[in-house]
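# Remarks on the overall topology
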Amino acid sequence: ARLLELPQRLRVELLSLIDKIHSGLGDNLLALWVHGSAAHQTMGDSSDIDLLAVLRTADEDFDVKGWREVQLTTLIVGDFREDYRHGDNFLRTILCHGLLVFDRGFAQEFYAAPFPAPVAGYRKEILERIQNRFSFFYREKALADARKALSSLAVMVGRLLLEPFGVLPAGKPQLLDHLGLFLGAELTETFRRALAQDELNLKNLLEWKWDLESLLERFDKHVPYFQEVFRGLTGSSQEFESACYEMVSSVY
C-alpha cells in the first residue's frame, strides 16, 4: 500500500530497480528493502534511492543503476543476523520504517520478535569502520566517495545522539527535525552541512568530520544529564526542576 502511494514516476523507477536487482542476483537475493526518503515521499530532485539487499553469498561484481543515484547496501545473511543480534541501529531503522519489497521467506522472523537491545561497544565498532572508510577516501582524494562516507557518518552520529531519547527517525529529514528539537538549530547545522555537502572540497569535508566527532564526544560526556531533563519534561514540574538543578550543580 505504501509503495502504491508513491508518485507514479518514483513508483515506476523503484519497480524497475527492484526488477533489475531480482533478475541480476537471482536466487542469491533473500530480501530487499527500500529505505530513506524514497520510502517516505520526502525525496527531492537530487535525492538518492536507498536500498538494502540481503544475499546468501557476497557478490562484489553486481551493480545497479537507475534514472537517479542508487545507494545499494548489501549484507550477506550471516552479517545481517550478527548485526541484528547486536541491536544495530541501521537495521532497526530498516525494520521499523523501510519498505520490504522482496522476501524469499527470510525477513518475517525479524518482524515477529522485539528488536534486541544494543550490545555495549558494538556501535563504536561500526562508527570506526565508517571513520576509516572516510579517511581512506580522503587520503586517496576521492571526493565523491569521501562525501558519501561523511554523509554515512553524519547519519550514524545523529542516530547515536537521538537514541538515548528513544527516537528512531525514518530518514534524513526526520533526523534533522529531531536533532533540531533536542539539540537546537546551531548544533543541527553541522549535520545539515554534512548531509547537504554544498561546498565541494576535501578540506571542508574533513572539518565537518571533526565537528561531528567532537559533538559526539561532548554529548557522550553529558548524556545522563540530557536524559534526566528529558524524563523531567515528561514528568511533573518538581521532577523537571530537580533534574535541572542536579545537572547545573554537577556541571558547575
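Residues numbered from 1 in each chain as written. Predicted model: local features only at pLDDT ≥ 70, side-chain atom pairs only at ≥ 80, totals over all residues. Heavy atoms only, no water.

Along the chain, the regular secondary structure elements total 10 helices and 4 strands. Moving toward the C terminus, one meets the helices and strands of the chain in the order α-β-β-β-α-α-β-α-α-α-α-α-α-α. Computed over its C-alpha atoms, the radius of gyration of the chain comes to 20 Å, within 12% of the 18 Å expected for a compact globule of 252 residues. Structurally, the chain occupies a C-alpha span of about 60 × 45 × 35 Å along its principal axes. The buried share among the 252 residues of the chain stands at 40%. Summarising the internal contacts of the chain: among those between residues at least 6 apart in sequence, 61% fall at separations of at least 24. One finds the centroid of the 28 positive side-chain charges in the chain at a distance of 2 Å from the centroid of its 37 negative side-chain charges. (Helix = DSSP H or I, 4+ residues; strand = E, 2+ residues; numbered from the N terminus. Rg over C-alpha atoms; globule rule 2.2 N^0.38 Å. Buried < 20%, exposed > 50% of the residue type's maximum accessible area, 1.4 Å probe, protein only. Contact = heavy atoms within 4.5 Å. Lys, Arg positive; Asp, Glu negative; His and termini not counted. Charge placed at Lys NZ, Arg CZ, Asp CG, Glu CD.)

Quick look at unusual backbone geometry now. With a phi angle near 55°, Lys141 is a residue other than glycine that sits in the positive phi range. Positionally, Lys141 belongs in the loop between helix 5 (122-139) and helix 6 (143-162).

One way to put it is that helix 7 (residues 172-183) packs onto helix 8 (residues 185-196) with a least axis distance of 8 Å and a crossing angle of 160°. The angle between the axes of helix 7 and helix 8 places the two elements in the roughly antiparallel class. Handedness of the crossing formed by helix 7 with helix 8: right-handed. Counted together, Lys172, Leu175, Leu176, Leu179, Gly180 and Leu183 of helix 7 and Ala185, Leu187, Thr188, Phe191, Arg192 and Leu195 of helix 8 form the full contact between these two elements. Along the lines of polarity and charge, the residues of the contact of helix 7 with helix 8 split into 8 nonpolar, 2 polar and 2 charged. (Axes fitted to C-alpha atoms, helices over the stretch in contact; angles between N-to-C directions. Parallel < 35°, antiparallel > 145°, perpendicular 65-115°, else oblique. Left-handed = near helix turned anticlockwise from the far one by under 90°. Nonpolar A, V, L, I, M, F, W, Y, C, P; charged D, E, K, R; others polar.)

All right, on to the packing of aromatic side chains then. The final tally for this structure, using the stated rule, is 8 aromatic pairs. Taken together, the ring pairs connect Trp33, Phe80, Tyr84, Phe106, Phe110 and Phe115 into an aromatic cluster. (Phe/Tyr/Trp six-rings, centres within 6.5 Å; stacked < 30°, edge-to-face > 60°.)

What follows covers the side chain of Gln131. Within the secondary structure layout, Gln131 lies in helix 5. Looking at Gln131, its side chain comes within polar contact range of the side chain of Glu213, at 2.8 Å. Among residues more than four places away in sequence, those in contact with Gln131 are Leu153, Lys209 and Glu213. (Polar contact = N/O pair within 3.5 Å; in protein donor to acceptor, adjacent residues only side chain to side chain.)

Another point: helix 5. Its 18 residues place the ends of helix 5 26 Å apart at the C-alpha level, agreeing with the 26 Å of an ideal helix rising 1.5 Å per residue. Taken residue by residue, helix 5 has Tyr122, Arg123, Ile126, Leu127, Ile130, Gln131, Phe134 and Phe137 as its buried positions. At the exit of helix 5 stands Lys141, carrying a positive phi of roughly 55°. (Expected span 1.5 Å × (residues − 1).)

Mapped onto the fold, Thr188 is located in helix 8. In this structure Thr188 comes out as buried when scored by relative accessible area, which is 2%. In this structure, Thr188 is in contact with Leu176, Leu179 and Gly180, ignoring residues within four places of it in sequence.

Running from amino to carboxyl end, helix 6 crosses helix 8 at an angle of 150°, the nearest separation of the two axes being 8 Å. Classified by the interaxial angle, the pair formed by helix 6 and helix 8 is roughly antiparallel. Crossing angle aside, the handedness with which helix 6 passes helix 8 is left-handed. Residues Arg147, Leu150, Ser151, Ala154, Val155, Val157, Gly158 and Leu161 of helix 6 pack against Phe191, Ala194, Leu195 and Ala196 of helix 8. In the contact of helix 6 with helix 8, the residues fall into 9 nonpolar, 2 polar and 1 charged.

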